[in-house]
Amino acid sequence: MSRVFNFSAGPSTLPESVLEICAKEMLDCHGTGQSVMEMSHRSNAYKPIIEGVEAKVRELMHVPDNYKVLFLQGGASTQFAMIPLNLNKTGKAAYVDTGVWSKKAIEEARRFLDTVDVVASSRDRGCCYIPEIREIKGDYDYVHITLNNTIYGTKWSYIPDTGDIPLVADISSCVLSEPLDVTKFGLLYAGAQKNLAPAGVTLVIIREDLIREELPKTVPTMLRYDTHSKNGSMFNTPPCYSIYVMGLVLDWVKENGGAEGMLKRNTEKAELLYNYLDNSDYYHATVDKGSRSLMNIPFLTKETDPDKATAINKKFVAEAAAAGLVNLAGHRLVGGMRASIYNAMSIDGVKALIAFMDKFAKENA
Ligand SMILES: Cc1ncc(COP(=O)(O)O)c(C=O)c1O
């Protein structure tokens, strides 16, 4: 067996031990004589699986009892619509624009709300930092932030104070990468395909008072949080297999020290790579210190000629792939290179990347 180091931004590398359990249980899960893929979601075989996953999310993220944990479909992108559809009372919300995913959330909210105020933005410098806005006030139904910006590699190092206004955060690319105080938020959501599971399930953690029944009748049944909350995420067939794998990933997180253990592991990996970049004559990190993500690390060479830079980036990505280090191209909208080093990426993967980068720099300087 030959496995590569996969630096994809999502879907992403999963812990090898989890994949091994999946393989072992593929034909017969827990003596049921069935694969989880084949189980009725309402069967006695599946029920303990989904209930167990919810319990593990609650335990690892310290989710208080007055929050619901939901397993939904449609990706994080569907949340861009569900949030305004469900939280709208006065037609007014505030968003912070820190990149592509924030912007998509803003554009979607504008379909449903009269006023979407962008109260801060990092667009003036190509989204390479998180704006300083420690307090957000106003007559808003909610405030939305993207806690980790997958494409630009920025992360909020603080949680803005929004007083009584519910704070909503997209945590798709940083969920369980470090401890997070759920009580500071009204709603958290994450597409699972980075730190939690294969694609197909979206984790939503929502404070109960934000789940409303008195919504306009034009809000589709499947896009109402109360539909899923009342039915234990089983209004319709849930993404059963992805939820099962999430449970295995959460077991792995727990065995490795929970959110605190992930922070230690992720800090060690990220520091190694940022230190290398900051001390390199050939490469540089693109994000301001103080706003840097632990999960997604974009970088460029110091080549300033745009055509030569494009050619060298292409060569880097191709030669890295040939060396078993795959998916290192930056997002198609920003170019350059990006190493996504989610929870499951090992320190050995990061060391192998740095060794390759060093060799490439020497050969191409
Ligand atoms: C921060 C963030 N939000 C939202 C999305 C969109 O997620 P999905 O593909 O699950 O809709 C992504 C995908 O990469 C992301 O990184």
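Residues numbered from 1 in each chain as written. Predicted model: local features only at pLDDT ≥ 70, side-chain atom pairs only at ≥ 80, totals over all residues. Heavy atoms only, no water.

Trainee: Please clarify how the pairing of strand β8 (residues 167-170) should be interpreted in this entry.
Mentor: Successive side chains on a regular strand alternate, one facing one side of the sheet and the next facing the other. Where burial is concerned, the two faces of β8 agree: the one with Leu-167 and Ala-169 and the one with Val-168 and Asp-170 are both buried. Taken together, the four bridges between strand β5 (residues 143-146) and β8 define a ladder with parallel strand orientation. In the strand pairing of β8, Ile-145 is matched with Ala-169. Sheet analysis places β8 next to strand β9 (residues 187-191), joined by three bridges and oriented parallel. Directly across from Val-168, in β9, lies its bridge partner Leu-187. (Buried < 20%, exposed > 50% of the residue type's maximum accessible area, 1.4 Å probe, protein only. Helix = DSSP H or I, 4+ residues; strand = E, 2+ residues; numbered from the N terminus. Pairing = 2+ DSSP bridges.)

Trainee: How do you make sense of the packing of aromatic side chains when you look at a structure like this?
Mentor: How two aromatic rings sit relative to each other is given by the distance of their centres and the angle of their planes. One pass over the structure, following the stated rule, counts 13 aromatic pairs. Taking the centre distance of 6.3 Å and the plane angle of 80 degrees together, the rings of Phe-80 and Tyr-189 count as edge-to-face. Of the two residues, Phe-80 is situated in helix α3 (residues 75-87) and Tyr-189 in strand β9; the sequence distance between them amounts to 109 residues. A relative accessible area of 4% means that Phe-80 is categorised as buried. Considering the side-chain rings of Phe-356 and Phe-360, the 5.9 Å spacing of their centres and the 35 degrees angle between planes classify their relative orientation as tilted. Of the two residues, Phe-356 and Phe-360 are both situated in helix α9 (residues 347-364); the distance of four residues between them amounts to about one turn of the helix. Here Phe-356 falls in the buried class, since its relative accessible area comes to 8%. Members of the aromatic cluster, connected to one another through ring pairs, are Tyr-276, Tyr-282, Tyr-283, Phe-299, Phe-316, Phe-356 and Phe-360. In this structure, Arg-125 is placed above the aromatic ring of Tyr-129, and the distance from its NZ or CZ to the ring centre is 4.6 Å. Here the basic side chain of Arg-134 rests over the ring of Tyr-158, its NZ or CZ set 4.1 Å away from the ring centre. (Phe/Tyr/Trp six-rings, centres within 6.5 Å; stacked < 30°, edge-to-face > 60°. Lys NZ or Arg CZ within 6 Å of the ring centre and 35° of its normal.)

Trainee: Even after reading the chapter, I still don't get the nonpolar core, so can you show me in this structure?
Mentor: A general trend in soluble globular proteins is that nonpolar side chains are found buried together. Val-57, Met-61, Phe-71, Ile-205, Met-246, Tyr-283 and Phe-316 are the most contacted members of the largest nonpolar core, which totals 91 residues. In terms of domain composition, this core takes at least three residues from each of domain 1 (16-255) and domain 2 (257-364). Setting aside its immediate chain neighbours within four residues, Met-246 contacts Val-53, Val-57, Phe-71, Ala-192, Leu-196, Ala-197 and Val-201. (Core = buried A, V, L, I, M, F, W, Y, C linked by side-chain atoms within 4.5 Å. Domains from an automatic or database assignment. Contact = heavy atoms within 4.5 Å.)

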